Amino acid sequence: MGFFDFMTEDIAIDLGTANTLIIHNDKVVIDSPSIVARDRMSGKIIAVGREANMMQGKTHENIKTIRPLKDGVIADFDASEKMLTMFIKSIPALKKKLFKPALRMVICIPSGITEVEMRAVKESAERVNGKEVYLIHEPMAAAIGIGVDIMQPKGNMIVDIGGGTTEIAVIALGGIVCDKSVKIAGDVFTNDIVYYMRTQHNLFVGESTAEKIKIQIGAALEDLETPPEEMSVQGRDLLTGKPKQVDISYREIAKALDKSIQRIEDAVMETLSQTPPELAADIYNTGIYLAGGGSMLRGLDKRISQKTDLPVYIAEDPLRAVVRGTGMALKNIGRFKSILIK
């Protein structure tokens, strides 16, 4: 084993619908949008990550941008594999290696994932030279990343709002007691904004612009204590066909996102109602932890808190909570053996 050990590198991967993050040697070495651009004629991948993201919505017919993951699972196997390969190849420490090292990896997956989808993730990993591949459920990874001691006989509730799915789970004794995975998350918020701009302002905006709006002035409540400034949004006027600009306030975005946020609230309430009484007692004291990019929506913590009457905490650096937890699971593989799926 000695020599093989020396040849093996450990990496932790959060293969997300919106962003892919990779940890190697306790450092986040890759943090890029999960998107690839393919040349239609040759079938070659011409860009990946940030570079491909800048092309989104601006391509001619010879270039196609693909998001290989949809709703947290692999939708385009070939593209996801090429994307992973390119990300792994661009890890600085692995570039210097003479041989392609064998990889021991932990990858996180949504909790509501089917057997087949799970196998797709595993096979993707094996084809990029993963010799030992472990999977971990996303809410688990988020909990570890937030700093919750998940092995304790104590209930903790995690709400992880990613790009494709929102994962809600109550965790105790190193296992998921009850969970719910809903396909309402960042991508849906973005589409809500596109739809709102179309219907309310007759302005046709692209996905990238809608996402910028979401990040810059997105909100979950119509009254915020520290409101963001108004934002100027450019797009195409649906009536005249001319490019035009509109000023938008956060209140409008809160209106646009209201229905989707309600559905996330409902899922949280439903999970709470399925929680065994002893764990419900714990959660009354510990509250709810939010992770994932969606938790950065202004006022969302307050809104969920008002709905549940529980304290709500946002993880520090919520975008990286899941990959941090995945990395910790990889480091203490012995301790977390029970929660990793081989």
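Below is a summary of the structure that appears in this document. Since this is a predicted model, take the numbers as computed values, not measurements.

Parameters and conventions
- Residues numbered from 1 in each chain as written.
- Predicted model: local features only at pLDDT ≥ 70, side-chain atom pairs only at ≥ 80, totals over all residues.
- Heavy atoms only, no water.
- Helix = DSSP H or I, 4+ residues; strand = E, 2+ residues; numbered from the N terminus.
- Buried < 20%, exposed > 50% of the residue type's maximum accessible area, 1.4 Å probe, protein only.
- Lys, Arg positive; Asp, Glu negative; His and termini not counted.
- Salt bridge = Lys/Arg side-chain N within 4 Å of Asp/Glu carboxyl O.
- Polar contact = N/O pair within 3.5 Å; in protein donor to acceptor, adjacent residues only side chain to side chain.
- Pairing = 2+ DSSP bridges.
- Arc of directions from axis to C-beta.
- Contact = heavy atoms within 4.5 Å.
- Axes fitted to C-alpha atoms, helices over the stretch in contact; angles between N-to-C directions.
- Parallel < 35°, antiparallel > 145°, perpendicular 65-115°, else oblique.
- Nonpolar A, V, L, I, M, F, W, Y, C, P; charged D, E, K, R; others polar.

1. Description of the side chain of K122
Assignment of secondary structure puts K122 in helix α5 (residues 115-127). No salt bridge is formed by the buried K122; the nearest opposite charge belongs to E126, separated by 4.9 Å. A distance of 3.4 Å separates a polar atom in the side chain of K122 from the backbone oxygen of K342.

2. Quick word on the pattern of salt bridges
For the structure shown, the criterion picks out 15 salt bridges. Note that R104 is salt-bridged to D10, the shortest N-O span being 2.8 Å. Linking R104 in strand β9 (residues 102-109) with D10 in strand β1 (residues 8-15), this pair joins segments that are 94 residues apart in sequence. What makes D10 partly exposed here is its relative accessible area of 26%.

3. A word on the pairing of strand β12 (residues 166-172)
With 7 of its 7 residues buried, β12 lies for the most part within the structure. Of the two faces of β12, the one holding T166, I168, V170 and A172 and the one holding E167, A169 and I171 are both buried throughout. Relative to β12, strand β11 (residues 156-161) is paired through 6 bridges, and the arrangement is antiparallel. By the bridge assignment for β12, I158 is matched with A169. Pairing of β12 with strand β13 (residues 175-182), which is carried by 7 bridges, proceeds in the antiparallel orientation. What sits directly across from I171, in β13, is I176.

4. Considerations on helix α8 (residues 207-217)
Along α8, the residues that are buried comprise A210, I213, K214 and I217. Looking down the long axis of α8, one finds its buried residues gathered within 110° of arc, a one-sided arrangement. Across from the buried face of α8, at angles greater than 90 degrees, the exposed residues are K212 and I215. Packing partners of the buried residues in α8 comprise α7 (186-201), β15 (231-237), β16 (243-248) and α9 (250-273).

5. Focus on the packing of α7 against α8
Between α7 and α8, whose axes approach to 9 Å, the crossing angle comes to 105°. In terms of orientation, α7 lies roughly perpendicular with respect to α8. Contacts between α7 and α8 involve G186, F189, T190, N191, I193 and V194 from the former and E207, A210, E211, I213 and K214 from the latter. Each residue belonging to the contact of α7 with α8 can be placed in one class, and the counts come to 5 nonpolar, 3 polar and 3 charged.

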